[in-house]
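# What the coordinates show
What follows is each chain in one-letter form.
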Amino acid sequence: MAQTPQAKYRKDYTQPSHTISQIELTFDLFDNETTVTAVSQVKQMKDSTTLVLDGEELKLQALKVNGVDWTEFTQLDAGLEIRQLPAEFELTIVTLVNPEENTALEGLYKSGGAFCTQCEAEGFRRITYYLDRPDVLAKYTTTVIADKAQYPYLLSNGNKLEQGEVEGGRHWVKWEDPHPKPAYLFALVAGDFDVLRDKYVTQSGRNVDLEIFVDKGNLDRANHAMVSLINSMKWDEERFGLEYDLDIYMIVAVDFFNMGAMENKGLNIFNSKFVLANDQTATDTDYLGIEAVIGHEYFHNWTGNRVTCRDWFQLSLKEGLTVFRDQEFSSDLGSRAVNRIGNVRIIRGPQFAEDASPMSHPIRPDKVIEMNNFYTLTVYEKGSEVIRMIHTLLGEAGFQKGMKLYFERHDGTAATCEDFVSAMEDASGVDLKQFRLWYSQSGTPTVSVSSKYDAVAKTYALTVCQSTEPTHDQKEKQALHIPFDVELYTKDGKVMPLQCNGKPVANVLNVTQAEQTFVFENVAEQPIPSLLREFSAPVKLEYDYSDDELVFLMSHATNEFARWDAGQILMAKYIRDNVTRLQQGKGVELNEVVIDAFRGVLLSDSLDPAFVAEMLSLPSHNEVSGWYKCVDVDAVANVLKAFKVILATELEDELSATYQTLRQNEYTISHDAIGKRALRNICLSYLAYTEQGNALAEKQYNEANNMTDTIAAMSAANSAGLPCREAQMADYSNKWKHDGLVMDKWFTLQGCNPAGNALEVIKKTMNHEAFSLKNPNRTRNLIGAFLNSNPVNFHAKSGEGYRFAGEILRELNSSNPQVASRLIDPLLKFRKYDEERQGLIRKELEALKSMDNLARDLFEKVSKALEE
Ligand code: B3K
Ligand code: ZN
């Protein structure tokens, strides 16, 4: 590596030396050589006549101050130092950039035939030299010039001002964004698209043009995105009282994109995965994903754009809050319980794993080498849990008062997490002093509970102990303020009113100490406790439940989430026991009680099918791995598979009956229809392990009239290794090989294929005409699936899985470091495996570390992982 990348620290924040109030950008677009002219109005803020601008991969063509060529400057490794400047001046900078060669997909690049940009977090500095930091807010005017035939649509943020033609078949459009913004929200798109148009009238009567730009021929896949956008706009007005603030809202779908989507002001750019859907190309999961991501980016208009972040350490200010808002949106529109279950699975699985990994960090990190590495489950999903806890502590009304105050205080500015918490505190009067630790402390707290019933005194005591293990980044941990939601049940399923010290108390207990006892009075009988209801805090719960208590809660708890959770805890007990049994050379055993409990769930006619589908889903291999310090990959895989086989065999009649009854002739995307398909397809995933499995999967594949059922059939065949798999895979590839996005589902199946020859097939699959390592979606679906969801093959003792990962990572290190950096995560957790595997993974990490051109993204992760 040329120079060791340097870390930045949150504590070192200082205000910028200068501010930029206005920037006029002109882009003369050519594939290999685009000229960018930036004219900025700059004002000195501190006593400094020197201005240091950020810049990477730029060729400087001209530099003027107040229209005069300026020679007092030095080009730095990653920027430009300009000296002897007046207090206020106009700065003109001309740079050349190369969009065609930009495979990192950061800054200005080409996606297929179109030009597009991605500037968050620090991509604007690949467009021009600038104060590329979120606390510099300027008004943007942008002129885009390009060939008219090839790029009929020229887009940027804000409103269209004027347009015209120039010689040589080129044309131009000028845009103006009236809202001052940081550079990361800048966007430009030029291309030829089909456009889906609609209109929205806001609560106060503003007419907004809605436009969704998709590749030619894809117009029939844009409807759901439009419906989702309109639903988002309406929901934000109704639930948060927030309206849109421009006359136009544009969304462009592109095929080459490093993440899901980007909330650029007035011009969102989306990974086409989160826009394009019809019943033949997209699954129900895709539809729900589109709704969530369209909502998420729209909600950023207030939480992110109107109030932005002071510095990147504050990222969770906008991301945690916006994830909370999109989760609430999906829950209000669909099933709250199913959404909550999905979100909790992410926290308990991959987020807890991140907390336990070398990359552990608080939701507001203290130290960063490459900012792109911190768009993490911790910042996003745990960040959202932290907001949710504030919501739990304040209630909906108090929370909304807090939001109102937050906007009153900070609209149009760059704020901090502290500003947000203060607004919540001041508006509600709830003391959040200790609660603030959630922002600075990393790791997953464990909450251990014990209970004691006193039949004479009629009291029931819950003793709650909390502790957080040291994490890679932080050794000392303190007691947190944990909202702990509980309910107590009588044997016949009635909820007991909670009373402490002679007074009724709410369900949410305030756990604030390392150890605390809550004594409930007037408890007539030994109760059954339902603990951490709604997953009221992102913690690991320990309580010694008996099987009977869990079976009781599975059917009697008043809320669906608690029922599901009881089922998960029951399952977890038996998974752990059986992993030990296998290690002792015994066979897998599942108690009748468990089987009967799941039979009861399957036979219930009062439960929502979508919810039953969740009840029947086993935890993933990754989630189970998280329960162990050192994980036995093969034992866990064998137990999970054996559970599927046992449940399938024991419940075959009930599964078959449910499978047959839930058949639907028509495909609709109502929540009811989605739920029925989900349950039917879960049944199929079990039945795949019975005699009738192959026939069912084959029939479903052949008869499916929608992608959800097609993929469910293929996935069942893939997981159970059914004979029909090969024919299905061949047929699907034949049908969809021209469409990378649809092929991604097929690539995923190849990636997680449990068959012994999977890696060999994956290597061949990389030559498939629809595959390219240059496309992040393709890479994630094939290679990412192998690394993350093919435990047995990836962790093969031969080391071939690890060697393959190493090769791919070395290649992506040069072409697209952001994608490489996401892909490497499973390797960082090498200390979780036996010594032999540890040695093999370490070898790959060391090979990466010794590369001359190792990108900062990988450098940061690899060096953390290898630190003792
Ligand atoms: N804010 C963007 C993510 C940018 C990621 C930069 N590596 C999308 C989102 O969270 O809405
Ligand atoms: Zn976001």
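How each quantity is defined
- Residues numbered from 1 in each chain as written.
- Chains lettered and ligands numbered in written order.
- Predicted model: local features only at pLDDT ≥ 70, side-chain atom pairs only at ≥ 80, totals over all residues.
- Heavy atoms only, no water.
- Helix = DSSP H or I, 4+ residues; strand = E, 2+ residues; numbered from the N terminus.
- Rg over C-alpha atoms; globule rule 2.2 N^0.38 Å.
- Buried < 20%, exposed > 50% of the residue type's maximum accessible area, 1.4 Å probe, protein only.
- Contact = heavy atoms within 4.5 Å.
- Areas by Shrake-Rupley, 256 points an atom, 1.4 Å probe, with all protein chains shown as cover.
- Lys, Arg positive; Asp, Glu negative; His and termini not counted.
- Charge placed at Lys NZ, Arg CZ, Asp CG, Glu CD.
- Donors = N, O, S within 2.8 Å, 3.2 Å for Na, K, Ca; no water.
- UniProt positions renumbered as here; feature names shortened; annotations may be inferred.
- Pairing = 2+ DSSP bridges.
- Axes fitted to C-alpha atoms, helices over the stretch in contact; angles between N-to-C directions.
- 1 Å grid on protein atoms, 1.4 Å probe; cavity = no way out; pocket = protein on both sides within 12 Å on 5 of 7 lines; lining within 4 Å.
- Points joined across faces, edges and corners; volume = space filled by probe spheres on them.
- Nonpolar A, V, L, I, M, F, W, Y, C, P; charged D, E, K, R; others polar.
- Phe/Tyr/Trp six-rings, centres within 6.5 Å; stacked < 30°, edge-to-face > 60°.
- Lys NZ or Arg CZ within 6 Å of the ring centre and 35° of its normal.
- Core = buried A, V, L, I, M, F, W, Y, C linked by side-chain atoms within 4.5 Å.
- Expected span 1.5 Å × (residues − 1).
- Bend = angle between axes of the 7 residues up to and from the residue.
- Salt bridge = Lys/Arg side-chain N within 4 Å of Asp/Glu carboxyl O.

### Describing the overall build of the protein chain
- The secondary structure content of the protein chain amounts to 27 helices and 34 strands.
- Against the globule reference of 29 Å for 868 residues, the protein chain gives a C-alpha radius of gyration of 28 Å, in line with a compact fold.
- Its C-alpha atoms give the protein chain principal-axis dimensions of about 90 × 65 × 60 Å.
- Considering the protein chain as a whole, with its 868 residues, one finds that 60% of them fall into the buried category.
- Taking as baseline every contact in the protein chain between residues at least 6 positions apart, the subset at least 24 positions apart corresponds to 70%.
- In the form shown here, the protein chain has an accessible surface area of approximately 33,400 Å², with 48% of it arising from carbon and sulfur atoms.
- Averaging the coordinates of the 90 positive side-chain charges in the protein chain and doing the same for the 125 negative ones gives two points 2 Å apart.

### Thoughts on the coordination of the zinc ion (ligand 2)
- Coordination sphere of the zinc ion (ligand 2), protein contribution only: H296 (NE2), H300 (NE2) and E319 (OE), at 1.9 to 2.0 Å.
- Along the chain, the residues donating to the zinc ion (ligand 2) are arranged with the sequence spacing H-x3-H-x18-E. You can see H300 sitting in the loop between α2 (284–299) and β22 (308–309) and its partner E319 sitting in helix α3 (residues 315–333), a full 19 residues away along the chain. Here H300 matches E319 in class, with each residue buried.

### Section: the UniProt feature "domain: Peptidase M1 membrane alanine aminopeptidase" (unreviewed entry) in the protein chain
- Here, UniProt's "domain: Peptidase M1 membrane alanine aminopeptidase" (unreviewed entry) annotation points to residues 229–435.
- With 55% helix and 10% strand, the stretch residues 229–435 has end C-alpha atoms that lie 34 Å from each other.

### Examining the sheet that holds strand β34 (residues 540–542)
- Taken in spatial order, the four strands line up as β32-β26-β25-β34 in an open sheet, and their pairing is mixed. Since the sheet does not close on itself, it has two edges, and those belong to β32 (515–520) and β34, each with one partner. Each adjacent strand pair in this sheet contributes to an overall mean axis angle of 20 degrees, direction not counted.
- Of the strand pairs in this sheet, strand β25 (residues 445–454) and strand β26 (residues 459–468) are connected by ten bridges, and their pairing is antiparallel. Counterpart to K452 in the pairing with β26 is A461.

### Describing empty space enclosed by the protein
- For the structure shown, the criterion picks out three cavities of 30 Å³ or more.
- A volume near 80 Å³ is recorded for the largest cavity.
- Residue lining of the largest cavity: 14 residues in total, with S530, L531, Y545, A562 and D565 positioned closest to the centre.
- Listing elements by their share of the lining of the largest cavity, those giving two or more residues are α8 (547–556) and α9 (560–583).
- Broken down by element, the lining of the largest cavity gets its largest block of residues, five residues, from α9.
- Residues that form the lining of the largest cavity fall into these classes: ten nonpolar, one polar and three charged.

### Things to note about the packing of aromatic side chains
- Here the structure, examined in full by the defined rule, presents 32 aromatic pairs.
- Judged by centre distance (5.9 Å) and plane angle (75 degrees), the rings of F193 and F213 are edge-to-face. Remark: F213 occurs in strand β18 (residues 207–214) and F193 occurs in the loop between β16 (188–191) and β17 (194–201); sequence separation between them is 20 residues.
- Aromatic rings pair up to connect W235, F240, Y244, Y249, Y298, F299 and F329 into one cluster.
- The lysine or arginine in question, K11, covers the ring of Y9, its NZ or CZ lying 4.6 Å from the ring centre.

### Brief notes about the nonpolar core
- The biggest cluster of nonpolar side chains holds 278 residues, and the ones touching the most others in it are L91, F124, F399, F420, F484, F520 and Y732.
- With 13 residues, the single largest contributor to this core is helix α5 (residues 377–410).
- In contact with L91, other than residues within four places in its own chain, are A38, V39, S40, V42, L51, L53, L63, K64, V65 and I82.

### Overview of α5
- Between its first and last C-alpha, α5 extends only 26 Å over 34 residues, short of the 50 Å set by a 1.5 Å rise per residue.
- A maximum bend of about 110 degrees is found in α5 at G395.
- Counting buried residues in α5 gives 25 out of 34 residues, a clear majority hidden from the surface.
- Downstream of α5 by one or two residues, G412 has phi in the positive range, about 80 degrees.

### Focus on α2
- For α2, spanning 16 residues, the distance from its first C-alpha to its last is 22 Å, which sits close to the expected 22 Å at 1.5 Å a residue.
- With respect to burial, α2 is a largely interior element, 14 of its 16 residues being buried.

### Here we look at the sheet that holds strand β4 (residues 51–54)
- The sheet built from three strands is open, its strands ordered β4-β8-β7 with antiparallel pairing. The open sheet has two free edges, formed respectively by β4 and β7 (73–76), since each of these has just one partner strand. Taken pair by pair, the neighbouring strands of this sheet meet at an average axis angle of 15 degrees, ignoring direction.
- Pairing of β7 with strand β8 (residues 79–82) involves four bridges; the strand directions are antiparallel. Across the sheet, the residue bridging to T74 is E81, located in β8.

### Here we look at the UniProt feature "domain: Peptidase M1 alanyl aminopeptidase C-terminal" (unreviewed entry) in the protein chain
- With numbering matched to this structure, UniProt assigns "domain: Peptidase M1 alanyl aminopeptidase C-terminal" (unreviewed entry) to residues 547–867.
- Across residues 547–867, the secondary structure splits into 72% helix and 0% strand, with the terminal C-alpha atoms separated by 42 Å.

### Comments concerning the pattern of salt bridges
- One pass over the structure, following the stated rule, counts 66 salt bridges.
- Its salt-bridge partner being R170, residue D28 comes within 2.9 Å of it at the nearest N-O pair. Note that D28 is positioned in strand β2 (residues 18–28) and R170 in strand β15 (residues 170–181), a separation of 142 residues in sequence.
- A relative accessible area of 11% places R170 in the buried class.
- Note that D209 is salt-bridged to K199, the shortest N-O span being 2.7 Å.

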